[in-house]
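Next come the chains, spelled out residue by residue.
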Amino acid sequence: MTAAAERTQDANLAEDILAIAREQVLERGVGLAEEQVLAVLRLADDRLDDLLALAHDVRMRWCGPEVEVEGIVSLKTGGCPEDCHFCSQSGRFPTPVRSAWLDIPGLVKAARQTKATGATEFCIVAAVRGPDKRLLSQVRDGVKAIREDGNDIQIACSLGMLTQDQVDELVAMGVHRYNHNLETARSNFANVVTTHSWEERWDTLRMVAEAGMEVCSGGILGMGETEEQRAEFAVQLAELDPHEVPMNFLIPQPGTPYEDYEPIGGREALKIVAAFRLAMPRTMLRFAGGRELTLGDLGAEKGMLGGVNAIIVGNYLTNLGRPAQQDLDMLADLKMPIKAISDTI
């Protein structure tokens with residue numbers, strides 16, 4: 001095929017992609033392929049409202065109207081040995097974040113406060129390459145204390161890369177979901193992290209899924225990736241078949257290699273969210289860090305009506321979010337019910 005013919009083919013696909021997506025994704029529940037996701041990402045801005053409406057219809061048909069609300073807390077902050085270029089918690093960069101541990105009473109209090117917002121999910125996070133015995137002991141004691149406090153909130157963890165024995169330990173503790181973001185497309189990963197590989201992250205997620213825990217894996221958009229790599233990332237996540245995909249947008253952190261990066265614009269971010277929904281029609285798509293900075297005056301409401309069906313309330317580890325009540329009020333205004341806690345707990 002000549003270059004001119006390829007350009008014509010690309011233009012035709014871009015023109016027809018919403019009609020294709022309506023039949024393929026909305027009607028049949030089949031996610032878009034990589035070249036189709038790319039066509040969505042390349043849609044003109046004047047098609048954004050149509051795209052968001054379609055993504056919302058897909059979400060409603062294949063996921064339903066409920067929204068899952070989650071809070072997160074850092075058990076171990078800072079001092080991480082990895083060199084993730086976006087992260088203020090890396091000990092390799094001169095950031096303002098210093099290493100600190102949260103004690104068990106603090107963890108119980110955070111879980112209690114999270115439950116009080118109406119959230120059904122509480123995620124315990126640690127800035128580490130992977131958990132050592134001390135960290136796993138803290139998590140075990142923390143989960144036990146949360147349960148003894150009478151709190152039945154679902155508990156997730158994000159503790160870095162795992163061994164099979166560590167996966168089994170978390171299952172035994174009653175951790176039902178594990179978060180380990182792939183962060184970016186495989187072809188872009190070495191530009192973002194050099195101290196471990198994309199494949200190492202994938203291996204952890206595979207073990208988690210095989211052990212019966214729910215898989216939570218997403219990434220950060222706006223780290224210098226191309227549109228092609230965004231499409232690549234969407235279909236790689238779809239191949240993983242995660243229960244949940246957190247959608248983060250880069251918040252440039254002082255002292256990190258990405259401190260001077262420009263945040264993604266709001267309309268671009270919404271287009272990405274909708275494209276990911278069309279790639280993964282049945283997956284929980286969660287608004288996470290950076291949405292306030294990226295969406296600005298457009299507001300989270302646009303995203304909630306453009307394919308998103310989960311949200312983190314409150315703060316994001318080392319970055320401030322907006323008050324949880326604002327998000328809860330937004331969901332009430334949109335008449336989106338908060339997902340009830342699982343009867344299987």
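This is a predicted model, so every value here is computed, not measured.

Enquirer: Whenever I open this one, the overall build of the protein confuses me. Can you help?
Expert: Helix and strand counts for the protein stand at 13 helices and 10 strands. For 345 residues, the compact-globule formula gives about 20 Å, and the C-alpha radius of gyration of the protein, at 20 Å, lands near that figure. Along the first, second and third principal axes, the C-alpha atoms of the protein reach 60 × 45 × 40 Å. Taking all 345 residues of the protein together, the buried fraction comes to 55%. Carbon and sulfur atoms make up 50% of the accessible area of the protein, which totals about 14500 Å².

Enquirer: Is there a simple way to explain the packing of helix α4 (residues 104-116) against helix α5 (residues 133-148) in this structure?
Expert: Between two packed helices, what matters for the description is the angle formed by their axes and the separation of those axes. At a closest axis distance of 9 Å, the pairing of α4 and α5 adopts a crossing angle of 50°. Regarding the angle of α4 to α5, the classification is oblique. Considering how the two elements wind past one another, α4 and α5 form a crossing that is right-handed. For the pair formed by α4 and α5, the contact residues are Ile 104, Leu 107, Val 108 and Ala 111 on the first element and Gln 138, Asp 141, Gly 142, Ala 145 and Ile 146 on the second. Looking at the contact of α4 with α5 residue by residue, the classes come out as 6 nonpolar, 2 polar and 1 charged.

Enquirer: What am I meant to see in α4 here?
Expert: Residues separated by three or four positions in an α-helix point in the same direction, a consequence of the helix having 3.6 residues per turn. For α4, built from 13 residues, the straight-helix expectation of 18 Å at 1.5 Å per residue is met to within 8% by its first-to-last C-alpha distance of 18 Å. Listing the buried residues of α4 in full gives Ile 104, Gly 106, Leu 107, Val 108, Ala 110, Ala 111 and Thr 114. Looking at the buried residues of α4, the elements they touch are β1 (68-77), β3 (121-126) and α5. For α4, the side-chain oxygen to backbone nitrogen distance between the N-cap and Gly 106 is 2.7 Å, and the N-cap itself is Asp 103.

Enquirer: Can you help me understand the side chain of His 196 in this one?
Expert: Mapped onto the elements, His 196 comes out in the loop between α7 (189-192) and α8 (198-210). The buried category is assigned to His 196, whose relative accessible area is 7%. Within the structure, the side chain of His 196 is placed 2.7 Å from the side chain of Glu 82, a separation counted as a polar contact. A distance of 2.9 Å separates the side chain of His 196 from the side chain of Arg 201, its partner in a polar contact. Apart from the residues within four sequence positions on either side, His 196 is in contact with Glu 82, Cys 84, Arg 129, Met 161, Phe 189 and Arg 201.

Enquirer: Explain unusual backbone geometry here, please?
Expert: With the exception of glycine, most residues fall at negative phi, and the peptide bonds are largely trans. One non-glycine residue, Glu 183, adopts positive backbone phi at about 80°. The topology assignment puts Glu 183 in the loop between β5 (177-179) and α7.

Thresholds applied
- Residues numbered from 1 in each chain as written.
- Predicted model: local features only at pLDDT ≥ 70, side-chain atom pairs only at ≥ 80, totals over all residues.
- Heavy atoms only, no water.
- Helix = DSSP H or I, 4+ residues; strand = E, 2+ residues; numbered from the N terminus.
- Rg over C-alpha atoms; globule rule 2.2 N^0.38 Å.
- Buried < 20%, exposed > 50% of the residue type's maximum accessible area, 1.4 Å probe, protein only.
- Areas by Shrake-Rupley, 256 points an atom, 1.4 Å probe, with all protein chains shown as cover.
- Axes fitted to C-alpha atoms, helices over the stretch in contact; angles between N-to-C directions.
- Parallel < 35°, antiparallel > 145°, perpendicular 65-115°, else oblique.
- Left-handed = near helix turned anticlockwise from the far one by under 90°.
- Contact = heavy atoms within 4.5 Å.
- Nonpolar A, V, L, I, M, F, W, Y, C, P; charged D, E, K, R; others polar.
- Expected span 1.5 Å × (residues − 1).
- Polar contact = N/O pair within 3.5 Å; in protein donor to acceptor, adjacent residues only side chain to side chain.

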